[in-house]
Amino acid sequence: MDCRPDCGACCTAPSVSSPIPGMPDGKPANTICVQLGADMRCKIFTSPLRPKVCASLQASREMCGTTRQQAMDYLIYLEEATAP
């Protein structure tokens, strides 16, 4: 599945514990990544600097739903369900 234009939920909802360029301590959940561009696409998508956890997250109908809000809701639910 291809990413939906103007979404960026996967660059906002999940926490990332590994360093991201511009966010050396990673990012908390429900926080916009500094690498999310104005076009709502990852600026380092093809870069080796992109965290492995980000690269492993693949768009799917279940995760993305049919709207950005559905994707945010699902990803925030997963974040909460897997929190220590």
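In case you missed it, the structure is sitting above this.
Quick caveat, the model's predicted, so the values are computed rather than measured.

The rules behind each value
- Here the residue numbers are simple positions, counted from 1 along each chain's written sequence.
- Only residues with pLDDT of 70 or above have their local features reported here, since the model is predicted, and side-chain atom pairs are shown and tallied only from 80 upward, although totals for entire chains, interfaces and linings are computed over all residues.
- Hydrogens are left out, water is left out, and the side-chain values use all remaining heavy atoms of the structure.
- Only DSSP runs of H or I reaching four residues or more are called helices, and only runs of E reaching two or more are called strands; each is numbered from the N terminus.
- In this description, contact between two residues means that some pair of their heavy atoms is separated by no more than 4.5 Å.
- Using protein atoms alone on a 1 Å grid, points that fit a 1.4 Å probe yet trap it form a cavity, whereas open point sets bounded by protein on both sides within 12 Å along at least five of seven lines form a pocket; residues with an atom within 4 Å of a point count as lining.
- Grid points are joined across faces, edges and corners, and a volume is the space filled by probe spheres set on the points.
- As a working rule, the residues Ala, Val, Leu, Ile, Met, Phe, Trp, Tyr, Cys and Pro are called nonpolar, Asp, Glu, Lys and Arg charged, and the rest polar, with Gly in that last group.
- Pairs of N or O atoms are called polar contacts if they sit within 3.5 Å, as long as, within protein, a hydrogen donor faces a hydrogen acceptor (for residues adjacent in sequence, only side-chain-to-side-chain pairs).

1. A closer look at the environment of I44
Step number 1: By the secondary structure assignment, I44 is in the segment before helix 1 (52–56).
Step number 2: Not counting residues up to four positions away in its chain, the partners in contact with I44 are I20, P21, Q35, L49, R50 and P51.

2. As for the layout of surface pockets
Step number 1: The calculated volume of the largest pocket comes to roughly 800 Å³.
Step number 2: Around the largest pocket, the lining is made up of 37 residues, and of these C10, C11, R50, C54 and L57 lie nearest the centre.
Step number 3: Going through the elements one at a time, helix 1, helix 2 (61–64) and helix 3 (68–81) are the ones with two or more residues in the lining of the largest pocket.
Step number 4: Broken down by element, the residue count for the lining of the largest pocket peaks at four residues, all from helix 3.
Step number 5: Among the residues forming the lining of the largest pocket, the class breakdown is 26 nonpolar, five polar and six charged.

3. Re unusual backbone geometry
Step number 1: The phi angle at D6 is positive, at roughly 60°, despite the residue not being glycine.
Step number 2: Within the secondary structure, D6 sits in the segment before helix 1.
Step number 3: Positive phi values are uncommon outside glycine, yet M40 reaches one of about 65°.
Step number 4: Checked against the element boundaries, M40 lands in the segment before helix 1.

4. Things to note about the side chain of T12
Step number 1: By the element assignment, T12 lies in the segment before helix 1.
Step number 2: In this structure the side chain of T12 is engaged in a polar contact, spanning 3.0 Å, whose partner is the backbone oxygen of G8.
Step number 3: Those residues in contact with T12 that sit more than four places away from it in its chain are K27, P28, A29, N30, T31, I32, L36, R68 and M72.

5. Focus: the side chain of Q35
Step number 1: Position of Q35 among the secondary structure elements: in the segment before helix 1.
Step number 2: At a separation of 2.8 Å, a polar atom in the side chain of Q35 contacts the main-chain carbonyl oxygen of P21.
Step number 3: Contacts of Q35, omitting those with residues within four sequence positions, involve I20, P21, R41, C42, K43 and I44.

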